[in-house]
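# Summary of structural features
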Amino acid sequence: MTERKDGHEVMEQLTKPESTNPANKYKNLLLNIGLFALNTVATKLIAFLLVPLYTYYMTSGEFGVTDMSTTVISLVMPLATLSISEATMRFALNDEEHNKSYITVGFMMVSLSCLIVLCCLPLLKLQIFGGLDHYQWFFFISYITNAFQMLLNNVARAVNEIKIIPVASVVTALSTGLCAWLFIGVVHGGVVGYFWSMIIGNALGILFYLFGARLYRFVSFITFARIKANLQVMLRYSLPLIPNALFWWAGTSINRFFITSMLGIAASGLFAVGTKIPTLLNLVCGIFQQAWTLSAFQEYKRTDISLFFTKIYRIFQSGMVLASSGIILITPWIAGFMLQKEFYTAWTLVPALLVAFYFNTQNAFYGTVYTSSMHTTTLFTTTICGALTIVTGTYFLIPPMGLMGACVAMALGNFIVLVLRMIFAKRLIVVQVHWVTVLPSVLLMIAQAVVMTMQPAFYMLWSAVIFVVIAIIQAIDLTPTAKELYARMRQGRSQSA
């Protein structure tokens, strides 16, 4: 019998350098991007297409309640589960011999979290939750399905069942969409219909993971001693992620509580629907980020890791700034389709929110520097600064600026996080940023957002010109990198042949 590795040996194995074909890392990343593209398109696109249904059949107050549910679940999840899903993937991925024991501990901790949430349901009666207590049992079941869906998604990655993830996502997304159409559009169930659609969709996805992909095979009986040993090393990794997750949540979601208490649940609903259009940017980013996180874990500690990060960041940043500028340009047309009735006025919030979301995508990229190097505690320092900026800015900017104040505060907070992560990341991995092209592009994008919000004469023309200029700058910047990567991949194919 092979001797079991303790926590320190596992940590050493995770960061052990390996030899590899230089072209393989790029091919693996592209393969992962393709697989996760199916996953992200299925989930995000369906959610995006459901927004017109929500805004047509629900009031802003009802939509505010559904958004509050999502906001609270995002807060509770890392607290109740101790971010164990991320640790389950990280350790089971690199210790195949004992992956069942890590996965079993993950299931135990998520199950325990459900009991914790059950005991905390009376807290939903607080006024800041905007009436969510009227749907507390729907909220509880929704939490359960979300928590296990997240765990099983990470388990599938850990056991190299990545191809299952897009299929499970399609099952979840399509069933959610069909149920939403039935319970909200046909039956006119409102908030209750929304909860039923989310619960059924996630539940079917869970069943597919468990039985379609047979992930139940990785849950087994383990001794108390092994549970204790696994939990210690897993929590050493996951606990620093909790404050980071909480302050990330504070930076992205706590403004809902300020808006609800200062402007009402209907205003919170308008702000929430305004964030739905920037999910197009998250759609693009999410496809890349899921694959990139996996590749960063696999490639860390190799001799050319800084060069690898630099080249990928240049391509990623270019794609994000172009996507942000492009969505800003077409926001009025998208809003005409998505935002029905009273919700249409929220489109003027979108350009500022897109700037905030752009900075957040850059934060996510730099976050992989810390997670892949196992320096998760550093994430806390940067995230807390951004969260405090958003909380303070939201409190002071809402009175003079209304909902736009919350948008500006979010952009400022995300920018602070990005600056700090760039500075601190240099101690781990040097990512060389081509400021000659990045800085003008970002400044032009911000100017474009201001133009679209203020709507001066010929504002659409000005916005289009800015987008074209950004596209030219990025094309000039990316051409050498694109040629080099293409040559590397062709060389890798010829060597393997």
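The rules behind the values
- Residues numbered from 1 in each chain as written.
- Predicted model: local features only at pLDDT ≥ 70, side-chain atom pairs only at ≥ 80, totals over all residues.
- Heavy atoms only, no water.
- Core = buried A, V, L, I, M, F, W, Y, C linked by side-chain atoms within 4.5 Å.
- Buried < 20%, exposed > 50% of the residue type's maximum accessible area, 1.4 Å probe, protein only.
- Helix = DSSP H or I, 4+ residues; strand = E, 2+ residues; numbered from the N terminus.
- Domains from an automatic or database assignment.
- Contact = heavy atoms within 4.5 Å.
- Phe/Tyr/Trp six-rings, centres within 6.5 Å; stacked < 30°, edge-to-face > 60°.
- Expected span 1.5 Å × (residues − 1).
- Patch = residues over 30% accessible without salt bridge, like charges linked within 9 Å, V, L, I, M, F, W, Y side chains within 5 Å.
- Areas by Shrake-Rupley, 256 points an atom, 1.4 Å probe, with all protein chains shown as cover.
- Salt bridge = Lys/Arg side-chain N within 4 Å of Asp/Glu carboxyl O.
- Axes fitted to C-alpha atoms, helices over the stretch in contact; angles between N-to-C directions.
- Parallel < 35°, antiparallel > 145°, perpendicular 65-115°, else oblique.
- Left-handed = near helix turned anticlockwise from the far one by under 90°.
- Nonpolar A, V, L, I, M, F, W, Y, C, P; charged D, E, K, R; others polar.
- pLDDT = per-residue confidence, 0-100.
- Lys, Arg positive; Asp, Glu negative; His and termini not counted.

### Structural notes on the nonpolar core
A general feature of soluble globular proteins is that nonpolar side chains tend to end up buried together. Core analysis: the largest hydrophobic core is formed by 132 residues, its most contacted members being Leu132, Leu215, Phe271, Leu339 and Tyr366. No other element matches the 14 residues that helix α14 (residues 305-338) contributes to this core. Split by domain, this core shows at least three residues from each of two domains, domain 1 (44-239) and domain 2 (264-491). Each residue touching Leu339, except ones within four places of it in the same chain, is listed here: Val51, Thr55, Val273, Ile277, Tyr344, Ala346 and Trp347.

### A short note on the packing of aromatic side chains
Summed over all chains, the structure comprises 22 aromatic pairs. Geometrically, the ring pair formed by Phe91 and Tyr237 is edge-to-face, given 5.9 Å between the ring centres and 90° between the ring planes. With Phe91 in helix α4 (residues 84-94) and Tyr237 in helix α9 (residues 224-238), this residue pair connects regions lying 146 residues apart in the sequence.

### Examining helix α18 (residues 435-454)
Here α18 is 20 residues long and its end C-alpha atoms lie 28 Å apart, about the 28 Å a rise of 1.5 Å per residue gives. Among all positions in α18, only Thr437, Val438, Ser441, Val442, Met445, Gln448, Ala449, Val451 and Met452 are buried. Once α18 finishes, Gln455 follows within two positions and takes phi at roughly 55°, a positive value.

### Considering a nonpolar patch on the surface
Judged by side-chain polarity, Trp435, Leu439, Leu443, Ile446, Val450 and Met454 come together as a nonpolar surface patch covering roughly 610 Å² of accessible area. By the element assignment, Ile446 lies in helix α18. With relative accessibility at 31%, the residue Ile446 sits in the partly exposed group.

### A closer look at the packing of α4 against α9
Between α4 and α9, the least distance of the axes is 9 Å, while the angle of their chain directions is 115°. Considering the angle they form, α4 stands roughly perpendicular to α9. Both α4 and α9 take part in a crossing whose hand is right-handed. When α4 is examined against α9, the residues Ile84, Glu86, Ala87, Thr88, Arg90 and Phe91 are found in contact with a partner set consisting of Leu231, Val233, Met234, Leu235, Tyr237 and Ser238. Its residues assigned to classes, the contact of α4 with α9 shows eight nonpolar, two polar and two charged.

### A look at the packing of α14 against α18
Where α14 contacts α18, the two axes come as close as 10 Å, and the packing angle between them is 15°. For the element pair α14 / α18, the angle class is roughly parallel. Crossing handedness for the pair α14 and α18: left-handed. Along its contact with α14, which presents Gln317, Val321, Ser324, Ser325, Ile328, Leu329 and Pro332, the element α18 presents Val438, Ser441, Val442, Met445, Gln448, Ala449 and Met452.

### As for unusual backbone geometry
In this model, Ser83 sits at a positive phi of 55°, which is unusual for a non-glycine residue. Within the secondary structure, Ser83 sits in the loop between α3 (60-81) and α4. Phi at Gln455 takes a positive value of approximately 55°, unusual for a residue other than glycine. For Gln455, a relative accessible area of 34% gives the class partly exposed.

### Brief notes about the side chain of Gln362
By the secondary structure assignment, Gln362 is in helix α15 (residues 350-372). Overall, Gln362 belongs to the buried group, its relative accessible area being 0%. With sequence-adjacent residues up to four places away left out, Gln362 is seen in contact with Tyr313, Phe316, Gln317, Met320 and Leu418.

### Things to note about the environment of Leu329
In this fold, Leu329 is placed in helix α14. Judged by its relative accessible area of 15%, Leu329 is buried. Distance in space between the C-alpha atoms of Leu329 and Phe467 is 7.5 Å, their sequence separation being 138 residues.

### Some thoughts on the environment of Ser463
For Ser463, the position within the fold is in helix α19 (residues 459-496). For Ser463, a relative accessible area of 0% gives the class buried. Along the primary structure Ser463 and Met452 are separated by 11 residues, whereas in three dimensions their C-alpha atoms are 7.0 Å apart.

### Focus on the confidence of the model for the chain
A residue-level look at the chain finds 82% of positions with pLDDT of 70 or above and a mean pLDDT of 81. Summarising per-element confidence for the chain, the mean pLDDT is lowest in helix α1 (residues 7-14) (40) and highest in α18 (94). Across residues 1-20 the pLDDT falls below 50, and counting only partners more than four positions away or on other chains, this stretch makes 31 contacts in the model.

### Examining the side chain of Asp477
Relative to the helices and strands, Asp477 is located in helix α19. Of the side chains with opposite charge, Arg314 lies nearest to the buried Asp477, which makes no salt bridge, at 4.2 Å. In contact with Asp477, other than residues within four places in its own chain, are Arg314, His434 and Thr437.

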